[in-house]
Amino acid sequence: MRISVDADSGVPPFEQVRSSIAEQVRSGELPVGTKLPTVRALAADLGIAVNTAAKAYRELEQAGLLETRGRAGTFVSDAGNQAAARAAEAAATYAQITRALGIPTEEALAIVQAALKA
């Protein structure tokens, strides 16, 4: 697993960690079943707070990309393979709703971009 945190970036450290791991899971670089370092070990390796690493793992778990198996640790979830399909399904539903409401494409995209930044 390769992750780096740029302290000078405008992107919060937890988001840098979260997006890096998510991309590695989606690309297959971190295959299903891969054991990740503990929150404490990841925080120490990256020079970030334990709570920052924990927040990144928590969000990845909520997204279905990671699963925690108690004392056994945190692993890449097989549910992560379904994340893109779920997102595509949600996007199709959103597109259908915005078309039915008469919202122009540019405005619908702006709404999504604002939601993703939140």
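Look above for the structure.
Here is a short report on the structure shown in this document. (Residues numbered from 1 in each chain as written. Predicted model: local features only at pLDDT ≥ 70, side-chain atom pairs only at ≥ 80, totals over all residues. Heavy atoms only, no water.)

1. Focus on the pattern of salt bridges
Per the stated rule, a full pass over the model turns up three salt bridges. Of the charged contacts, one joins Glu67 and Arg69 as a salt bridge, the two residues approaching to 3.6 Å between their closest N and O atoms. (Salt bridge = Lys/Arg side-chain N within 4 Å of Asp/Glu carboxyl O.)

2. Here we look at the packing of aromatic side chains
Following the criterion strictly, the structure yields zero aromatic pairs and no others. The ring of Phe75 is capped by Arg69, whose NZ or CZ atom sits 3.9 Å from the centre of that ring. (Phe/Tyr/Trp six-rings, centres within 6.5 Å; stacked < 30°, edge-to-face > 60°. Lys NZ or Arg CZ within 6 Å of the ring centre and 35° of its normal.)

3. Notes on the environment of Leu116
Mapped onto the elements, Leu116 comes out in helix 5 (residues 105–117). For Leu116, a relative accessible area of 70% gives the class exposed. Put simply, Leu116 and Gln16 are 100 residues apart on the chain and 15 Å apart in space, counted from C-alpha to C-alpha. (Helix = DSSP H or I, 4+ residues; strand = E, 2+ residues; numbered from the N terminus. Buried < 20%, exposed > 50% of the residue type's maximum accessible area, 1.4 Å probe, protein only.)

4. Re the layout of surface pockets
Where empty space is left becomes clear once a probe the size of a water molecule has been rolled over the atoms. A volume near 220 Å³ is recorded for the largest pocket. Lining of the largest pocket is provided by Glu15, Arg18, Glu59, Leu116, Lys117 and Ala118. For the lining of the largest pocket, the elements supplying multiple residues, two or more each, are helix 1 (13–27) and helix 5. Split by residue class, the lining of the largest pocket holds two nonpolar, no polar and four charged. (1 Å grid on protein atoms, 1.4 Å probe; cavity = no way out; pocket = protein on both sides within 12 Å on 5 of 7 lines; lining within 4 Å. Points joined across faces, edges and corners; volume = space filled by probe spheres on them. Nonpolar A, V, L, I, M, F, W, Y, C, P; charged D, E, K, R; others polar.)

5. Remarks on the environment of Thr105
Inspection of the secondary structure assignment puts Thr105 in helix 5. Through-space distance from the C-alpha of Thr105 to that of Ala95 is 8.6 Å; in sequence the pair is 10 residues apart.

6. Observations concerning the sheet that holds strand 2 (residues 66–68)
Taken in spatial order, the three strands make up an open sheet running 1-3-2, and their pairing is antiparallel. For this open sheet the edge positions go to strand 1 (35–36) and strand 2, each flanked by a neighbour on one side alone. Bridge count between strand 1 and strand 3 (residues 74–76): two bridges; the pairing is antiparallel. Counted as the bridge partner of Lys35 is Phe75 from strand 3. (Pairing = 2+ DSSP bridges.)

7. Examining the nonpolar core
Val17, Ile21, Leu42 and Leu66 are the most contacted members of the largest nonpolar core, which has 18 residues in total. Counting residues per element, the ones that place at least two in this core are helix 1, helix 2 (39–46) and helix 3 (50–62). Leave out the neighbours within four places in its chain, and Val17 touches Ile3, Val5, Leu42, Leu46, Ile48 and Ala56. (Core = buried A, V, L, I, M, F, W, Y, C linked by side-chain atoms within 4.5 Å. Contact = heavy atoms within 4.5 Å.)

8. What to know about the packing of helix 2 against helix 3
With their axes 8 Å apart at the nearest point, helix 2 and helix 3 run at an angle of 120° to one another. On the basis of their axis angle, the class for helix 2 and helix 3 is oblique. Here helix 2 runs over helix 3; the crossing is right-handed. Residues Val39, Arg40, Leu42 and Ala43 of helix 2 pack against Val50, Ala53, Ala54 and Tyr57 of helix 3. For the contact of helix 2 with helix 3, the residue count by class is seven nonpolar, no polar and one charged. (Axes fitted to C-alpha atoms, helices over the stretch in contact; angles between N-to-C directions. Parallel < 35°, antiparallel > 145°, perpendicular 65-115°, else oblique. Left-handed = near helix turned anticlockwise from the far one by under 90°.)

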